[in-house]
Amino acid sequence: MKATYSKHILQFKRPSGTSRGVMTEKETWLLKIEENDKIGIGECGILRSLSFDDRPDYEAKLQWVVEHIHLGKEALWEVLRDWPSIQFGVEQAFLSLASADPFILFPSAFVEGHQAIPINGLIWMGEETFMKEQIDEKLAQGFTCVKLKIGAIDFDAEINLLHYIRQHYSVDQIELRVDANGGFSVADAPAKLKQLAQLHIHSIEQPIKQHQIQEMATLCQTTALPIALDEELIGVTAYVDKVALLTAIRPQYIILKPSLVGGFKGSQEWIEIAEQLQIQWWITSALESNIGLNAIAQWTFTLNNPMLQGLGTGALYTNNFDSPLEVKNGQLWYNGDGEWVVS
């Protein structure tokens, strides 16, 4: 068995804004394993300034992994607890290697093209006219749920955008989710959540910055709007610490990005704890290429979670890998007639 890795820079079709800044490209790494004339492939997707493993020695750790690939998936996962995106890439690569088709990690009705995964449409931050264009486009494409990134432009303008949607689409027609990426201050958050709740918003992701556990717990106890933890989960790697965090904060939802929380196994730990505490959850991609998105989507389908998932990011890039993944009528499909092209 031998392994290699390579770097791939994904180029956004247009600059994409969040409360942490505007992105024009995203760095990702492909991990390949070869054994007995078979190849397994996985993606180690890193988000600079957000990923727990955004470190100067990231490539050195990838080199260490390829030199120790003989240790196997389970042993490597344990050793890599401080490297969640590499944990995820390792999981994918070994599942891919073991499969008859390197791109079918979890056989199901989804990869057979019989069933789809309902997803939300993602609206990026920007000028008001640009955000309106995105909203109209997503609704025209058949989405019944849209998620808006908020917290970077003027809050009143963001409220007006949400009013704009509600003027045209009732709560029965369109589910609205918002993601603040920690953009609200502790002092301002309660009033802003109250304003948002009046617009019948489904939930808000990470209203205040992470690591303010008592403040977040108070918000979750008193909020008029359901709160979903996102960034708060990043860097919490030990099972006991996961239990402690969710027990302390008691959010209404958690959102799991496998690249950021330790892949499938790390996500399963969060799901197990959340369900014990009666906290709901859904899965979201973290701007991976179609390779990582494919793995997340196939796994997500097997979980039978009825909520809308956040898996509609495959069309963001000019140089993504060709794949059978397609978004149609607000759902993610695996088109059996499509082909993978990974150079």
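Note that this is a predicted model, so its numbers are computed, not measured.

Colleague: Please explain the packing of helix α10 (residues 263-276) against helix α11 (residues 290-303) as it appears in this structure.
Modeller: When two helices pack together, their arrangement is given by the angle between their axes and by how far apart the axes lie. With their axes 12 Å apart at the nearest point, α10 and α11 run at an angle of 35 degrees to one another. As for how α10 packs across α11, the hand of that crossing is right-handed. Residues F264, S267, Q268 and I271 of α10 form the contact with α11, whose participating residues are A295, I296, W299 and L303. Broken down by class, the residue content of the contact of α10 with α11 amounts to six nonpolar, two polar and no charged.

Colleague: Please clarify how the state of the cysteines should be interpreted in this entry.
Modeller: By definition, a disulfide links the sulfur atoms of two cysteines through a covalent bond. Counted by the stated rule, this structure contains zero disulfides. With no disulfide partner, C145 has as its closest neighbouring cysteine sulfur the one in C220, 19 Å distant. Under the relative-accessibility criterion, C145 is labelled buried at 0%. When its relative accessible area of 5% is taken as the criterion, C220 is described as buried.

Colleague: Would you take a moment to explain the nonpolar core for this structure?
Modeller: Generally speaking, a soluble globular protein has its nonpolar side chains buried in company with each other. Counting 85 residues, the largest nonpolar core has L148, F184, L196, I204, L246 and I254 as its most contacted members. Counting the residues that make up this core, at least three belong to each of domain 1 (2-98) and domain 2 (117-334). Those residues in contact with L148 that lie beyond four places of it in its chain are I123, M131, I135, L162, I165, L176, R177, V178 and D179. With 19 residues, the next largest nonpolar core counts Y58, L62, V90 and A93 among its residues.

Colleague: Please explain the side chain of R166 as it appears in this structure.
Modeller: By secondary structure assignment, the location of R166 is in helix α5 (residues 155-168). No salt bridge is formed by the buried R166; its nearest oppositely charged neighbour, E175, is found at 8.2 Å. Within polar-contact distance, the side chain of R166 engages the backbone oxygen of Y169 at 3.1 Å. Within polar-contact distance, the side chain of R166 engages the backbone oxygen of L199 at 2.9 Å. Contact partners of R166, with chain neighbours within four places excluded, come to V171, I174, L176, L199 and H200.

Colleague: Help me out: how do you make sense of the domain arrangement of the protein in this one?
Modeller: When the parts of a complex come together, some accessible area is lost, and that lost area is often taken as the interface size. Entries for the protein in the domain assignment read domain 1 (2-98) and domain 2 (117-334). The distance between the C-alpha centroids of domain 1 and domain 2 comes to 23 Å. The interface of domain 1 with domain 2 comprises 35 residues on the first partner and 39 residues on the second. Carbon and sulfur atoms supply 63% of the area buried between domain 1 and domain 2, which totals about 3,100 Å² over both sides. Of the charged contacts, one joins K265 and E74 as a salt bridge, the two residues approaching to 3.6 Å between their closest N and O atoms. Where domain 1 touches domain 2, the interface holds 15 residue pairs in polar contact (both at pLDDT 80 or more).

The rules behind the values
Along each chain, numbering runs from 1 in the same order as the chain's sequence is written. A pLDDT threshold of at least 70 governs which residues receive local features in this predicted model, and a stricter bar of 80 or more applies before side-chain atom pairs are shown or counted, although totals over entire chains, interfaces and linings include all residues. Remark: hydrogens and water are excluded; side-chain values derive from all non-hydrogen atoms of the structure. Angular values range over 0 to 180 degrees, each being the angle between N-to-C directions of two axes fitted as lines to C-alpha atoms, with helices fitted over their stretch in contact. To qualify as a helix, a DSSP run of H or I must reach at least 4 residues; to qualify as a strand, a run of E must reach at least 2; elements of each kind are numbered from the N terminus. Whether a crossing is left-handed or right-handed is set by the direction in which the near helix is turned from the far one by less than a right angle, anticlockwise for left-handed and clockwise for right-handed. Note on contacts: a residue pair is in contact if any heavy atoms of the two residues lie within 4.5 Å. Amino acid classes used here: Ala, Val, Leu, Ile, Met, Phe, Trp, Tyr, Cys and Pro are nonpolar; Asp, Glu, Lys and Arg are charged; the rest, including Gly, are polar. Throughout, a disulfide means two cysteine sulfur atoms within 2.5 Å of one another. Burial here depends on accessible area, computed with a 1.4 Å probe over protein chains only, as a share of the maximum for the residue type. Under 20% is buried, over 50% is exposed, and the range in between is partly exposed. Buried Ala, Val, Leu, Ile, Met, Phe, Trp, Tyr and Cys residues form a nonpolar core when they are joined through side-chain atoms within 4.5 Å. Note that the domain bounds reflect an automated or database-derived domain assignment. Here Asp and Glu are counted as negative and Lys and Arg as positive; His is not counted, and neither are the chain ends. Salt bridges are counted wherever a side-chain nitrogen of Lys or Arg sits within 4 Å of a carboxyl oxygen of Asp or Glu. Under the rule applied, a polar contact is a pair of N or O atoms within 3.5 Å (in protein, one hydrogen donor and one hydrogen acceptor; residues adjacent in sequence only if both atoms are side-chain atoms). A quick way to say it: buried area is the sum, across both parts, of accessible area lost when two parts are put together, with a 1.4 Å probe.

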